[in-house]
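Summary of the model geometry
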Amino acid sequence: IRKQLPRESAEFDDVNHNWKTIMDSLSKDNNALRGTHQANMLERLNDMNNKLEDIQKSLDMYLETKRQIFPRFYFLSNDDLLEILGQSRNPTAVQPHLKKCFDNIVQLQMEKIGIDSKGGKMEAVAMFSADGEKVEFNTQVTLEGPVEAWLCDIEDTMRVTLRQQLKLCRVALKKAGTKRDKWTKEWPGQLLITTSQMQWTQDCTKALSMIKDRGDKKSLKSMKKKQISMLTKFSDAIRGNLTPIQRAKIVALVTIEVHARDVIDKLIKSNCNDVMGFEWLMQLRFYWKKEKSTDCDSALIPLL
């Protein structure tokens, strides 16, 4: 920070020196009246105060440039951000503040690059949630240079990794079908929920299309039976021998699937028979969309 703000650093050192000089003189004379009536003390204190205000403005502008590069720094106080920037050569100094920048990300797995563990560069290889879930990055991120720069790289790597993981999770669900015991244990909780909602949206869309095209009014009722059967299996799994993370994942998934069952029941009672029906369009739906221009898959959640 001193290298970035050389003028302000020099002024702060000058203010600090003058303040110590005044305090030293006051400590030598315990009489408050004599101590505070030194020559030009008021002017010196006012000048120091004005300089500190100018230094604070310059510091705020400096921190703003860092926040513009990595906007998640807006979630941090000036003191926290200064602590990070003041130890920019030490990537581990960021760890205590990660949960403020990224929701539920409690730490990164950082490792030394190379055989020599005493020095050298570090890289981030995975992220951990507060619940203890671990997601390994597709590519390692080298932690060097300005902290705001490699935190941007971390954020991009998080997105790329989760997009790829979500794609693989969808494939795994299709292979698992209704037997989801192993599937729920192998993938992170948020991916399970998102993928499950995508599959539910696809199944509901198919069932409504069958009602409209073929007049098959039993398709939604058949889907409801499958939903109830799946919930029963999840209920049995919760009573089994699970780790705390596995139990938390299934409980969260059951909550979503219960709502999905209730939506199906509402569609049946309202006689919804078209994917353009209001009872269906009013629901939160999840789709997997392939962008033709970028050849990139992504999740799509249309909001009304």
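This report concerns the structure included in the present document. (Residues numbered from 1 in each chain as written. Predicted model: local features only at pLDDT ≥ 70, side-chain atom pairs only at ≥ 80, totals over all residues. Heavy atoms only, no water.)

1. A look at the overall build of the protein
On a plain count of helices and strands, the protein comes out with 11 helices and 5 strands. Once the C-alpha set of the protein is aligned to its principal axes, its extents read approximately 100 × 50 × 45 Å. Taken over 304 residues, the protein has a buried fraction of 37%. Accessible surface, the protein: about 18800 Å² in total, of which carbon and sulfur atoms supply 53%. Placing the 49 positive and 41 negative side-chain charges of the protein at their respective mean positions leaves the two points 11 Å apart. (Helix = DSSP H or I, 4+ residues; strand = E, 2+ residues; numbered from the N terminus. Buried < 20%, exposed > 50% of the residue type's maximum accessible area, 1.4 Å probe, protein only. Areas by Shrake-Rupley, 256 points an atom, 1.4 Å probe, with all protein chains shown as cover. Lys, Arg positive; Asp, Glu negative; His and termini not counted. Charge placed at Lys NZ, Arg CZ, Asp CG, Glu CD.)

2. Points about unusual backbone geometry
The backbone of asparagine 104 sits at a positive phi, close to 70°, despite the residue not being glycine. Position of asparagine 104 relative to the elements: it lies in the loop between helix 5 (98–101) and strand 1 (105–112). The partly exposed category is assigned to asparagine 104, whose relative accessible area is 35%. One non-glycine residue, asparagine 271, lies in the positive phi region at around 60°. Summarising the element assignment, asparagine 271 is placed in the loop between helix 10 (244–269) and helix 11 (278–281).

3. Some remarks on a nonpolar patch on the surface
A grouping of Trp19, Met23 and Leu45 is seen on the molecular surface, where their side chains present a nonpolar patch of about 250 Å² in accessible area. Of note, methionine 23 is situated in helix 1 (residues 6–28). (Patch = residues over 30% accessible without salt bridge, like charges linked within 9 Å, V, L, I, M, F, W, Y side chains within 5 Å. Salt bridge = Lys/Arg side-chain N within 4 Å of Asp/Glu carboxyl O.)

4. A closer look at the pattern of salt bridges
Applying the stated criterion to the full structure yields 18 salt bridges. Between glutamate 155 and arginine 159 there is a salt bridge, with its nearest N and O atoms 3.2 Å apart. Linking glutamate 155 with arginine 159, this pair stays in helix 6 (residues 147–176), spanning 4 residues, or about one helical turn. Salt-bridge contacts for aspartate 265 lead to lysine 269; the nearest nitrogen and oxygen are separated by 3.3 Å. In this pair, aspartate 265 and lysine 269 are both assigned in helix 10, 4 residues apart and thus about one turn of the helix distant. Residue lysine 269 is classed as exposed on the basis of its relative accessible area, which comes to 66%. Ionic contacts of the salt-bridge type, sharing partners, join the residues Arg72, Glu155, Asp156 and Arg159 into one network.

5. Some remarks on the packing of aromatic side chains
The relation between two aromatic rings is expressed through the spacing of the ring centres and the mutual angle of the planes. The tally for this structure, following the rule as stated, stands at 3 aromatic pairs. Residues tryptophan 200 and tryptophan 280 carry aromatic rings whose centres are separated by 5.5 Å and whose planes lie at 55° to one another, so their mutual orientation is tilted. One end of the pair, tryptophan 200, is in helix 8 (residues 189–214); the other, tryptophan 280, is in helix 11, with 80 residues separating them in the sequence. The class of tryptophan 200 is buried, set by a relative accessible area of 8%. Here a set of aromatic residues connected by ring pairs shows up, and it is made of Phe70, Phe73 and Phe102. (Phe/Tyr/Trp six-rings, centres within 6.5 Å; stacked < 30°, edge-to-face > 60°.)

6. Thoughts on the sheet that holds strand 2 (residues 122–129)
Across the sheet, 3 strands lie side by side as 1-2-3; this open sheet has antiparallel pairing. The strands lining the two open edges of the sheet, one partner per strand, are strand 1 and strand 3 (134–143). Direction aside, neighbouring strands of the sheet carry axes that sit 25° apart on average. (Pairing = 2+ DSSP bridges. Axes fitted to C-alpha atoms, helices over the stretch in contact; angles between N-to-C directions.)

By themselves these figures say nothing about function.
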